[in-house]
Every structure is written in structure tokens, then in C-alpha cells.
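Next come the chains, spelled out residue by residue.
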Amino acid sequence: MAAKRELVVSFGEMLIDFVPTVAGVSLAEAPAFVKAPGGAPANVAIAVARLGGGAAFVGKLGDDEFGRMLANILRDNGVDAGGVVFDSGARTALAFVTLRADGEREFMFYRNPSADMLLTADELKVDVIKRAAVFHYGSISLIAEPCRTAHLHAMKVAKEAGALLSYDPNLREALWPSLDEARTKILSIWDQADIVKVSEVELEFLTGINSVEDDVAMKLWRPTFKLMLVTLGDQGCKYYTKDFRGTVPSYKVQQVDTTGAGDAFIGSLLRKIVQDPSALQDKTKLEGAIKFANACGAITATKKGAIPSLPKEDEVLRLMEKA
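Residues numbered from 1 in each chain as written. Predicted model: local features only at pLDDT ≥ 70, side-chain atom pairs only at ≥ 80, totals over all residues. Heavy atoms only, no water.

*Asks:* Explanation requested: the overall build of the protein chain in the structure shown.
*Replies:* Of regular secondary structure, the protein chain possesses 10 helices and 13 strands. Relative to the globule expectation of 20 Å for 323 residues, the C-alpha radius of gyration of the protein chain, 18 Å, shows essentially globular dimensions. Each principal axis of the C-alpha distribution contributes one length, and for the protein chain these read about 50 × 45 × 40 Å. Per-residue burial for the protein chain yields a buried fraction of 56% across its 323 residues. Long-range contacts, defined as pairs at least 24 residues apart, comprise 69% of the intrachain contacts of the protein chain with a sequence gap of at least 6. Total accessible area computed for the protein chain in this model is approximately 13,600 Å², and 51% of it derives from carbon and sulfur atoms. Here the protein chain holds 38 positive side-chain charges and 42 negative ones, and the gap between their average locations is 4 Å. (Helix = DSSP H or I, 4+ residues; strand = E, 2+ residues; numbered from the N terminus. Rg over C-alpha atoms; globule rule 2.2 N^0.38 Å. Buried < 20%, exposed > 50% of the residue type's maximum accessible area, 1.4 Å probe, protein only. Contact = heavy atoms within 4.5 Å. Areas by Shrake-Rupley, 256 points an atom, 1.4 Å probe, with all protein chains shown as cover. Lys, Arg positive; Asp, Glu negative; His and termini not counted. Charge placed at Lys NZ, Arg CZ, Asp CG, Glu CD.)

Here it is, written out as C-alpha cells:
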């Protein structure tokens, strides 16, 4: 297990994605489905571990076959699962997800309520959280109580223990009661983060402006931030710090499935930051770390499924050397 200063602790949901065996069909038209472990915070933890970093996951799973399977997947991938608790009265969350012929993803979630939504503040494994160099989270855990209160308490514990707070909203519109509530709750904890990552879709959702220009992105900037990132898919990434900003292009690859690419990006960047926190104040170092993260995201998009696609460091370095 990594020493405190290099541990990335990821908080939130882990679930089973059911993906059609045939591409380009609606959920109703799919002839059959295969199961794949998912959940952005869990993907981030595994991305860190896959690169040789220390990673832990904090969250709640159903005390069922799927929940135990997911906990084993964390352990098998080198993630500390000591922060996982089980609920005997609720099931592990399920999501049916497909890429339609028009390229849009279609989701149908089974979470009413699922175990992850029922995590309470009293159930948090605070000893795991207090060891974090970075505490990473999304916004899905803000949707419903009691998990929302547990999320806010976990952030407080991590901050008081000296961790950097990393926030990737990971917007899933279908899970929120309304888009207005999604926007309000996502922004309700905005000021508390040190590192924030948004996609271009989330930038438009949160600002109401369909543009990735700097003046639009800066509407989301807060003086308390150390780093803000706007990911642009295969176009790379824009970044903003107090003292400098820039754009780092991505690597050209043949995309097969972009699921998990954003999680690979932020997980690998957090891995680099805990290895050398001075990168947050050094433009050359930070751009090097973002290039590495872009390569991780690009590789993940070349294969099917999130967790199986997350790269090891030697694979990333090979892509960077070729480019």
C-alpha cells in the first residue's frame, strides 16, 4: 500500500453495466447483454492502480452476487477495498447502456434505491479517507440522502486530513429528478474542490453557453482552485491554474468505445500529481502530466469496456514515444 502522500481515494458508486452484444441498436432492440463493471469513481481508482499507484475505493455495494463480484474486481486490480461496506437490504446498482446508431449513448438505470445511495456518514471508513493524498469524487452521490450527507462528510474528513479534493461531476442527466436540480447540486460543492475536471458537454450544461472559449470556461473558475480542466475528447484538453493556462492536444487513435476514457484521463493525471505535487505550479511539468493523461484516455478509447481498457504505464509510454 502506498504511503499517505501518494494514495488516491475515490468515493462514490460502483455498478454493473449491461451492454448489448450488438452495437448500434436501442436497448429494446438488443438481442442480449453482457455484464461489465462500471461506475466512474471505481474506474478512476483502478486507473490509478493499473499505473502502479496506490488507490482505495470508498462506497457501498449490495450484499449480493454482483456486489461481492465488484469488490473482488477492485481487489484483483490492486485497489484497497477496505472502504467498501455492504447493504443486506438493497441491491447493487445496474445500468443498461447502449450506443445507438446515431452515436448517442442511451442509459436505463436500476437504482430505486440501490445500495450506493444508502451509504450513511456513520458507515464511512474514515481511516481510509484520512490516508488520502487526493480524495476524488463525482456528483451522482449528491443526488439522494443519506448518501449526499455521507459524501459531504467524507469531503470534510479528507480536507481536514490534508488531502487535495478532486471533482469530476460526471453528469448523468437520466439520474437526476430535473436538470435544474442537477445544475444546482453539482455547483453546490464547486468552491470546495482543489482540482475540477469537466467535459465540453458539462461545460455547456453548467454555463448554458455552447462554447469552449476561455471566457466561458472561466465562468466556472474559482480563486480557491489549483487546477481546472476542460476535456475536449479527441481534441485534447484545456487547463487553467492561477498563474498559467494552455491547451494540450490528444493522441490520434482509432476509437472503438469511449466509455471510461475520461476516468482514465483524470485517474492518470491524479497519479502524476501525487507523485509530484509541484506540477500544479510548474507549467512544463503540468503539461507533461496532461500529455500522459491524454495518452491514457486515448488508449482506453481503442478497446471495448472501461476497466479492461485502462492502460499500464509501459503501454502509455509506447504511445507517447510513437507520436
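After that view of the structure, there is still more to cover.
*Asks:* What am I meant to see in the nonpolar core here?
*Replies:* Across soluble globular proteins, you tend to see nonpolar side chains buried next to one another. Counting 57 residues, the largest nonpolar core has Leu74, Leu227, Leu229, Leu269 and Ile290 as its most contacted members. The leading source of residues in this core is helix 9 (residues 283-300), at nine residues. Beyond its immediate sequence surroundings of up to four residues, leucine 74 is in contact with Met14, Ala42, Ile46, Phe57, Val79, Ala81 and Val84. Ranked by size, the runner-up nonpolar core spans 46 residues in total, among them Val9, Phe11, Leu171 and Leu175. (Core = buried A, V, L, I, M, F, W, Y, C linked by side-chain atoms within 4.5 Å.)

*Asks:* Help me understand the pairing of strand 9 (residues 164-167) in this model?
*Replies:* Within a regular strand, side chains alternate between the sheet's two faces. Side chains of strand 9 alternate between two faces, with Leu164 and Ser166 and Leu165 and Tyr167 buried alike. Taken together, the four bridges between strand 8 (residues 134-137) and strand 9 define a ladder with parallel strand orientation. When the bridges of strand 9 are listed, tyrosine 137 appears paired with tyrosine 167. Relative to strand 10 (residues 195-199), strand 9 runs parallel, the two sharing two bridges. Its bridge partner being in strand 10, serine 166 is matched across the sheet by isoleucine 195. (Pairing = 2+ DSSP bridges.)

*Asks:* What is the right way to look at the side chain of threonine 98 in this model?
*Replies:* Note that threonine 98 resides in strand 6 (residues 94-99). Separated by 2.8 Å, the side chain of threonine 98 and the backbone oxygen of valine 25 make a polar contact. (Polar contact = N/O pair within 3.5 Å; in protein donor to acceptor, adjacent residues only side chain to side chain.)

*Asks:* Any chance you could explain the packing of helix 8 (residues 261-275) against helix 9 here in plain terms?
*Replies:* Between two packed helices, the angle of one axis relative to the other and the distance separating the axes together describe the packing. Where helix 8 meets helix 9, the axes come as close as 8 Å, and the angle between the chain directions of the two elements is 150°. Of the possible angle classes, the one that applies to helix 8 and helix 9 is roughly antiparallel. Classified by chirality, the crossing of helix 9 by helix 8 is right-handed. From helix 8, Ala261, Ala264, Phe265, Ser268, Leu269 and Lys272 reach across to helix 9, where they touch Ala289, Ile290, Phe292, Ala293, Asn294, Cys296, Gly297 and Thr300. (Axes fitted to C-alpha atoms, helices over the stretch in contact; angles between N-to-C directions. Parallel < 35°, antiparallel > 145°, perpendicular 65-115°, else oblique. Left-handed = near helix turned anticlockwise from the far one by under 90°.)

*Asks:* Help me understand the sheet that holds strand 12 (residues 237-240), please; the structure alone is not making it clear to me.
*Replies:* Sheet strands pair via backbone hydrogen bonds, and the direction of the pair is either parallel or antiparallel. Spatial strand order, 5-4-1-8-9-10-11-12-13: nine strands in an open sheet with mixed pairing. Two strands close off the open sheet at either side, each with one partner strand: strand 5 (80-87) and strand 13 (245-248). For this sheet, the mean inter-axis angle between neighbouring strands, taken without regard to orientation, is 15°. Contacts between helix 2 (residues 65-76) and the sheet are confined to strand 4 (54-62) and strand 5, with strand 5 contributing the most and set at about 175° to the helix.

*Asks:* Explain the environment of alanine 81 to me, please; I cannot follow it from the model alone.
*Replies:* Position of alanine 81 among the secondary structure elements: in strand 5. Residues within four places of alanine 81 in sequence aside, it is in contact with Ala71, Leu74 and Arg75.

*Asks:* Just checking my understanding: could you explain the environment of valine 22 for this structure?
*Replies:* The residue valine 22 is located in the loop between strand 2 (15-20) and strand 3 (33-38) in this model. Residues valine 22 and serine 166, spaced 144 residues apart in sequence, show a C-alpha to C-alpha distance of 36 Å.

*Asks:* I'm lost on the pattern of salt bridges in this one. Help?
*Replies:* It is possible for side chains bearing opposite charge to pair when their charged atoms get close. For the structure shown, the criterion picks out 21 salt bridges. With a shortest N-O distance of 3.1 Å, arginine 222 and aspartate 191 are connected by a salt bridge. On the criterion of sequence distance, the pair formed by arginine 222 in the loop between helix 7 (214-217) and strand 11 (227-231) and aspartate 191 in the loop between helix 5 (179-188) and strand 10 is long-range, its members being 31 residues apart. The shortest N-O distance in the salt bridge between lysine 226 and aspartate 194 comes to 3.5 Å. A residue pair is termed long-range when its members are at least 10 positions apart, and lysine 226 in the loop between helix 7 and strand 11 and aspartate 194 in the loop between helix 5 and strand 10 qualify at 32 residues. Judged by its relative accessible area of 30%, lysine 226 is partly exposed. (Salt bridge = Lys/Arg side-chain N within 4 Å of Asp/Glu carboxyl O.)

*Asks:* How should the packing of aromatic side chains be read in this particular structure?
*Replies:* To describe a pair of aromatic rings, one takes the distance between the centres and the angle between the planes. Evaluated as defined, the whole model comprises 12 aromatic pairs. Ring geometry for phenylalanine 33 and phenylalanine 96: centres 5.1 Å apart, planes at 85°, overall edge-to-face. Residue phenylalanine 33 is found in strand 3, and its partner phenylalanine 96 is found in strand 6; the two are separated by 63 residues along the sequence. For phenylalanine 33, a relative accessible area of 29% corresponds to the partly exposed category. Phenylalanine 96 gets classed as buried once you look at its relative accessible area, which sits at 18%. Ring-pair connections join several aromatic residues into one group, and the members of that group are Phe11, Phe135, Tyr137, Tyr167, Trp190, Trp221 and Phe225. A cation over a ring is seen here: lysine 272 above phenylalanine 292, with NZ or CZ 4.2 Å from the ring centre. (Phe/Tyr/Trp six-rings, centres within 6.5 Å; stacked < 30°, edge-to-face > 60°. Lys NZ or Arg CZ within 6 Å of the ring centre and 35° of its normal.)

The quantities given are spatial measurements derived from coordinates; they are silent on function.
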